[in-house]
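Residues per chain, in single letters:
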Amino acid sequence: MYISFAGMVFLILAIGLILLSRLKLKGWVAGVVSFFAYICLVLGALIILYIVFTGPTR
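Residues numbered from 1 in each chain as written. Predicted model: local features only at pLDDT ≥ 70, side-chain atom pairs only at ≥ 80, totals over all residues. Heavy atoms only, no water.

J.: Residues and numbers for the overall build of the protein, please.
T.: Along its length, the protein carries two helices and zero strands. Against the globule reference of 10 Å for 58 residues, the protein gives a C-alpha radius of gyration of 14 Å, more extended than a compact globule. Along the first, second and third principal axes, the C-alpha atoms of the protein reach 50 × 10 × 10 Å. A fraction of 61% describes how many contacts in the protein between residues 6 or more apart in sequence connect residues 24 or more apart. When the accessible surface of the protein is summed, it comes to about 4,600 Å², and 79% of that surface belongs to carbon and sulfur atoms. (Helix = DSSP H or I, 4+ residues; strand = E, 2+ residues; numbered from the N terminus. Rg over C-alpha atoms; globule rule 2.2 N^0.38 Å. Contact = heavy atoms within 4.5 Å. Areas by Shrake-Rupley, 256 points an atom, 1.4 Å probe, with all protein chains shown as cover.)

J.: Lay out a nonpolar patch on the surface in plain terms, naming residues and giving numbers.
T.: Taken together, the side chains of Val 42, Leu 46, Leu 49, Val 52 and Phe 53 make up a nonpolar region of the molecular surface, amounting to roughly 530 Å² of accessible area. Its location among the elements puts Leu 46 in helix 2 (residues 27-54). (Patch = residues over 30% accessible without salt bridge, like charges linked within 9 Å, V, L, I, M, F, W, Y side chains within 5 Å. Salt bridge = Lys/Arg side-chain N within 4 Å of Asp/Glu carboxyl O.)

J.: Can you tell me about helix 1 (residues 2-23), naming the residues and giving the values?
T.: For helix 1, which comprises 22 residues, the first-to-last C-alpha distance of 32 Å matches the rise-based estimate of 32 Å (1.5 Å per residue) to within 8%. Along helix 1, the positions that sit buried rather than exposed are Ser 4, Gly 7, Ala 14, Leu 17, Ile 18 and Ser 21. On an axial view of helix 1, the arc spanned by its buried residues comes to 150°, and they lie on one face. Seen from the buried face of helix 1, the exposed residues on the opposite side, beyond 90 degrees, are Tyr 2, Val 9, Ile 12, Ile 15 and Leu 23. (Expected span 1.5 Å × (residues − 1). Buried < 20%, exposed > 50% of the residue type's maximum accessible area, 1.4 Å probe, protein only. Arc of directions from axis to C-beta.)

Listed below in structure tokens is the structure:
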């Protein structure tokens with residue numbers, strides 16, 4: 001259960017960081033923040049896919 005919460009937190013963090021980098025930041029700082037955001041997006045998606053495809057535990 002907690003691993004799925006971690007996946008959701010990564011996805012929400014990715015949304016916030018992508019919006020921050022596109023709207024507020026400029027230059028190489030925006031690039032670094034967006035790179036970290038896309039890493040969070042991929043990590044969150046992999047966690048959620050793992051949870052969905054492993055199915056129920058009973």
